[in-house]
Amino acid sequence: MTTHQALAPAENSSLPSLLPPTFTNWFAGRGWAPRPHQLDCLGAGLAGRSHLLIAPTGGGKTLAGFLPSLVDLYHQADAGTPHDGLHTLYISPLKALAVDIARNLEMPVSQMTLPITMGTRTGDTPSNRRQRQKTHPPHLLLTTPEQLALLLANKDAEAFFGKLRCVILDEIHAIVNQKRGHLMALGLARLRALSPGVRFTGLSATVPDPQPLLDFLTPQFVAGAQPAQLIRAKGGAIPKVSLLNSEERIPWSGHSARHAMAEMYDAIKDAKLTLIFVNTRNQAEITFQELWRINDDNLPIALHHGSLDVGRRRKVEAAMARGELRAVVCTSTLDLGIDWGDVDLVIQIGAPKGASRLTQRIGRANHRMNEPSSALLVPANRIDVLECIAAQEAIREGQLDGEFWRGGALDVLAQHIMGMACAAPFDADDLYKEVISAAPYSDLSRLQFDRVLEFVSTGGYALKNYERYRRLVLRDGKWQVRNPQVAQQYRMNVGTIVEAPALNVRLGSKKGPIRGGRKLGEVEEWFVEWLNPGDTFLFAGELLRLETVTVTDVIVSRAKGGSPKVPSWQGGKFPLSTYLADRVRTMIHTPGEWHNYPEPVQDWLRIQQEKSIIPGPDQLLIETFPYGFEKGQHALDGRPTRGSARNGRHFLVCYPFDGQLAQQTLGMLLTRRLERLGKQPIGFVPTEYALSIWARQDMSDLDMDALFDEDMLGDDLEAWLQESILMKRTFRNCAIIAGLIERRFPGQEKTGRQVTFSADLIYDVLRDHEPDHILLQAAWDDAAGGYLDLKRLSGLLARVRGKLVHKALDRVSPLAVPVMLEVNREPILGEAQDAMLAAISDDIVDIAMGTDVP
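The model shown is predicted, which means the values in this text are computed figures rather than measured ones. (Residues numbered from 1 in each chain as written. Predicted model: local features only at pLDDT ≥ 70, side-chain atom pairs only at ≥ 80, totals over all residues. Heavy atoms only, no water.)

### Some details on the overall build of the protein
- A count of helices and strands for the protein gives 31 helices and 30 strands.
- Residues counted as buried form 59% of the 854 residues belonging to the protein.
- Put simply, 73% of the contacts in the protein that link residues at least 6 apart link residues at least 24 apart.
- Roughly 34,300 Å² of accessible area belongs to the protein as shown, and the carbon and sulfur atoms make up 49% of that amount. (Helix = DSSP H or I, 4+ residues; strand = E, 2+ residues; numbered from the N terminus. Buried < 20%, exposed > 50% of the residue type's maximum accessible area, 1.4 Å probe, protein only. Contact = heavy atoms within 4.5 Å. Areas by Shrake-Rupley, 256 points an atom, 1.4 Å probe, with all protein chains shown as cover.)

In structure tokens:
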């Protein structure tokens, strides 16, 4: 928030009387005037009314949030009764944003000589300063959700927050539907109890449906509570969003957009400062290297993503603020509204996966409300072209995509209960009423609350005999921590962000029981979560079979021939929004609109219509066809050939257009059914739009209605989860958040492998002795809502029931080309891999598009 961006030019009218003369003179002296929505926020704030402000980037949201506090503190000081203690708490999802806002607030406070003190409190704040803040709190404290939880767990919390008047929640849309948001919601409920007159202000730029955010700001089941007021900013220029129609050949698959690097580089040269957004850290590294390779003008280009050292990221941010950079390649680390510098162009490489996310990223360019931001969308492949067009149209129409709102997480509730006990003994009835006043927990039953409380106090039925899990005791009708050491452990482990550890990949020893031998490298745990013993995958240039997973290692053996059963895949980690998926489905199924698309895309869809089927928007197209390799050759060892030769493969490809997570789970379940049907499935690969399964036996004779029946979400799902590593890893995260397993101790920290070992032991105990344990339920909720996307998969299966369209083909279809190329796209680097993929690509395209020579 820089002042020239937050304020409009002064108009020929007197400033509203809500503003004291000191503020009026300050505005007028600079030729500025507050915007109407800023005055609406001032009125609501001074009346003690919680409110949600939705305003475009550059609309002065931050000033609107702080203005009531600045004016109220001014009035109190002017009346000779200056506010004593903390007045306003500002909470940001980013530490850097809190620091940035504090820096920008200093200017109006100092220029108006307001008697207001400010401070920031993040994980980087020195301990001596944090201690001073407790004893001498500033009027305005800018902090993060984790620091709020720590402050509330302090025995002096009631005194510290007793005079709090306002809480400002910046970028509220980015956090409320996550576990960090659930923890924050419980913290807000406690703040209402400590300071009943406190009001909440939510600030957001991209909200398709404001009601969940209004509920978040409004106490539930509290008699006489006023609902939060919705304030919308008027105006705001429509962004200028262009689609790069590259003169180079648009790839059929892949996510790097190498074909368009030269054209992107030209756009960077024409701009002052460009943010280049990609969807994964891997893409960020590749894009940065490609741009440096062609950077003949030696432009200052930087890289920014979450895996980089925090010191390096801060240097990049400082250089941006000083105007020393021309471009920054970044991931979601720069999605939120920090004013780094004079950004005048945003480039999005690949499909954005959501209109709201794209709107957020575009907002980083040109922080001036009445001037349009400029963005360039660069499709990485032909499917991306359609999604980018869909997103472009959504932005032009002002449409945003919503999301499924999850109920409050039980592991987060366990952490909060522990924190409340650290602050002071509590009555269970009172705490339950407080908890359900928080919107994410408004549906929490008393039975569930009591089960979570029992877990926090004893560990639950299966663990209650172990001393270390008894953390709370009941004395005189109130729950309190068992000893000071328990409280110390809580404070050292607070928070909901759990880093995924990496595991060593080791060749198994052939002597005796399988043990780890030579190390081949490391893989992140998320990859192993989707494997079962016996599955094969490519790593370090070799085809490997998973034998077992230990605390520290993935034990593998070399596999001979065949294809990887569960290949890795590249692409965006963000889930494709339902809104964009629906639009893309409609685009493909509306031939009358095809003339608006680039010629290669037109040809692709037209030939699909000729050679196979373009299904209706509510139909699910399933194609089956043979596609094989020359006898004795591995998939990546030579040029594939058409047909159903003895060493070939039979493919089933369907096109749900429902996102990679849901289709990944669908692939897992379908392969189990195909195994039972004797089709000998070998593997599958999902993309955001399609799912390809390959097997040794022909699948064209199957009853597709039975294969895709919704009952797969019953026994098939349960049986797969029993075997998979996914549930153990999900349980580990829940156990960490709930405080059952501690990562940090005084003077030391457990390694990820030590944490995993502890979690696996407890998981096995609970599965055997208390299968309905509250943390097993929390792990299932996480898996169903996040990793598996069961709600979306269930909706997909219901949507297409009775609307399956099966087409048996003798060759690959044009629509199948992108997902067929992903089958062969493995993490093997080098020119040889590029050459082999190019040969495979040419052959598949020739066959699908009918340009091959028999």
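### Considering the sheet that holds strand E8 (residues 199-204)
- Ordered by their spatial adjacency, 7 strands build an open sheet running E5-E6-E4-E7-E8-E3-E9, and the pairing between neighbours is parallel. Taken across any chain shown, the strands that pair with only one partner, and hence form the sheet edges, are strand E5 (118-121) and strand E9 (229-232). With strand direction ignored, the average angle separating the axes of adjacent strands in the sheet is 15°.
- Bridge count between strand E4 (residues 88-91) and strand E6 (residues 140-143): 4 bridges; the pairing is parallel. Residue pairing across strands places tyrosine 90 opposite leucine 142, the latter belonging to E6.
- Along the sheet, helix H3 (residues 36-46) makes contact with strand E3 (51-54), E8 and E9, crossing E9 at roughly 160°. (Pairing = 2+ DSSP bridges. Axes fitted to C-alpha atoms, helices over the stretch in contact; angles between N-to-C directions.)

### A word on helix H23 (residues 660-676)
- With 17 residues, H23 extends 24 Å from end C-alpha to end C-alpha; this agrees with the ideal 24 Å at 1.5 Å per step.
- Of all the 17 residues making up H23, 13 are buried; the element is thus mostly covered by neighbouring parts of the structure.
- Glycine 678, located one to two residues past H23, shows a positive phi value of around 80°. (Expected span 1.5 Å × (residues − 1).)

### Observations concerning the sheet that holds strand E13 (residues 327-330)
- Pairing within the open sheet is parallel, and its 6 strands lie in the order E10-E15-E14-E11-E13-E12. Of all the strands in the sheet, just strand E10 (240-243) and strand E12 (301-304) have a single pairing partner and so form its edges. Neighbouring strand axes in the sheet, compared pairwise and without regard to direction, differ in orientation by 20° on average.
- Here strand E11 (residues 274-277) pairs with strand E14 (residues 345-349) via 4 bridges, running parallel. Each bridged residue has a counterpart across the sheet, and for leucine 275 the counterpart in E14 is valine 346.
- Along the sheet face, helix H11 (residues 261-270) touches E11, E13, E14 and strand E15 (374-378) and points at about 165° away from the line of E14.
- Along the sheet, helix H15 (residues 382-397) makes contact with E10 and E15, crossing E10 at roughly 165°.

### A short note on the packing of helix H16 (residues 410-423) against helix H19 (residues 484-492)
- Between H16 and H19, the least distance of the axes is 10 Å, while the angle of their chain directions is 130°. The angle between the axes of H16 and H19 places the two elements in the oblique class. For the element pair H16 and H19, the recorded crossing hand is left-handed. In this structure, H16 uses Gln415, Met418, Gly419 and Cys422 to contact H19, whose residues at the interface are Val486, Ala487, Tyr490 and Arg491.
- Partitioning the contact of H16 with H19 into residue classes produces 5 nonpolar, 2 polar and 1 charged. (Parallel < 35°, antiparallel > 145°, perpendicular 65-115°, else oblique. Left-handed = near helix turned anticlockwise from the far one by under 90°. Nonpolar A, V, L, I, M, F, W, Y, C, P; charged D, E, K, R; others polar.)

### As for the packing of helix H7 (residues 145-152) against helix H9 (residues 179-194)
- For the pair H7 and H9, interaxial distance at closest approach is 9 Å and the crossing angle is 40°. With respect to their mutual orientation, H7 and H9 come out oblique. For the element pair H7 and H9, the recorded crossing hand is left-handed. Residues Pro145, Glu146, Leu148, Ala149 and Leu152 of H7 form the contact with H9, whose own contacting residues are Arg180, Leu183, Met184, Gly187, Arg190, Leu191 and Leu194.
- Taken together, the residues of the contact of H7 with H9 break down into 8 nonpolar, 1 polar and 3 charged.

### A word on the pairing of strand E26 (residues 681-686)
- In terms of burial, E26 is a largely internal element, 6 of the 6 residues being buried.
- Pairing of E26 with strand E27 (residues 691-695), which is carried by 5 bridges, proceeds in the antiparallel orientation. Note on E27: the bridge partner recorded for valine 685 is serine 692.
- Counting the residues that bridge the hairpin from E26 to E27 gives 4 residues.

### Let's talk about the side chain of glutamate 434
- Here glutamate 434 lies in helix H17 (residues 428-436).
- A distance of 2.8 Å separates polar atoms of two side chains, one belonging to glutamate 434 and the other to arginine 190. (Polar contact = N/O pair within 3.5 Å; in protein donor to acceptor, adjacent residues only side chain to side chain.)

### Notes on the packing of aromatic side chains
- Under the definition given, this model contains 12 aromatic pairs.
- Summarising the aromatic geometry, the rings of tryptophan 26 and phenylalanine 27 are spaced 5.2 Å apart at their centres and angled 50° between planes, so their arrangement reads as tilted. A single burial state applies to tryptophan 26 and to phenylalanine 27, both of which are buried.
- Chaining the aromatic ring pairs together yields one cluster made of Phe625, Tyr627, Phe651 and Trp694.
- The aromatic ring of phenylalanine 455 is capped on one face by arginine 471, whose charged end is 5.6 Å from the ring centroid. (Phe/Tyr/Trp six-rings, centres within 6.5 Å; stacked < 30°, edge-to-face > 60°. Lys NZ or Arg CZ within 6 Å of the ring centre and 35° of its normal.)

### Structural notes on the pattern of salt bridges
- A complete count under the given rule lists 31 salt bridges for this structure.
- Among the ionic pairs, arginine 190 bridges to glutamate 434, the shortest N-O distance being 2.8 Å. Highlighted residues: arginine 190 in helix H9 and glutamate 434 in helix H17, separated in sequence by 244 residues.
- According to the relative accessible area criterion, arginine 190 is buried, its value standing at 14%.
- Here the residues in one salt-bridge network are Asp582, Arg585, Asp658, Arg792 and Arg799, joined through shared partners. (Salt bridge = Lys/Arg side-chain N within 4 Å of Asp/Glu carboxyl O.)

### So, unusual backbone geometry
- You will see that phenylalanine 221, though not glycine, has its phi angle at about 60°, which is positive.
- With respect to the helices and strands, the residue phenylalanine 221 is situated in the loop between helix H10 (211-217) and E9.

### Details of the environment of valine 819
- Relative to the helices and strands, valine 819 is located in helix H30 (residues 817-823).
- Taking the C-alpha atoms as reference points, valine 819 and leucine 691, 128 residues apart in sequence, are found 7.1 Å from one another.
- Those residues in contact with valine 819 that lie beyond four places of it in its chain are Val653, Val685, Thr687, Ala690, Leu691 and Ser692.

### Focus on the side chain of histidine 83
- Here histidine 83 shows up in the loop between helix H4 (61-78) and E4.
- For histidine 83, a relative accessible area of 10% puts it in the buried group.
- One polar contact links the side chain of histidine 83 to the main-chain carbonyl oxygen of lysine 163, over a distance of 3.2 Å.
- Setting aside residues up to four positions removed in sequence, histidine 83 forms contacts with Leu73, Gln76, His139, Lys163 and Arg165.

### Considering H16
- Helix length check: H16 (14 residues) gives 20 Å between terminal C-alpha atoms against 20 Å at 1.5 Å per residue, within 8%.
- By the criterion of burial, H16 is predominantly enclosed, with 14 of the 14 residues buried.

### Focus: the environment of leucine 275
- Its place among the elements puts leucine 275 in strand E11.
- Since its relative accessible area comes to 1%, leucine 275 is described here as buried.
- Each C-alpha atom, one on leucine 275 and one on cysteine 330, is 7.0 Å from the other, the two residues being 55 residues apart in sequence.

### Considerations on the confidence of the model for the protein
- Mean pLDDT over the protein stands at 82; residues scoring 70 or higher make up 82%.
- Ignoring residues within four places in sequence, the model shows residues 1-15, a span with pLDDT below 50, making 47 contacts including any to other chains.
- Low confidence marks residues 629-647, where pLDDT is under 50. Its contacts with residues over four positions away, or in another chain, come to 46 contacts. (pLDDT = per-residue confidence, 0-100.)

### A look at the environment of arginine 190
- It is 9.9 Å that separates the C-alpha atoms of arginine 190 and alanine 157, two residues lying 33 residues apart in sequence.
- Sequence-distant contacts of arginine 190, defined by excluding residues within four places in its chain, comprise Leu152, Met420, Leu431 and Glu434.

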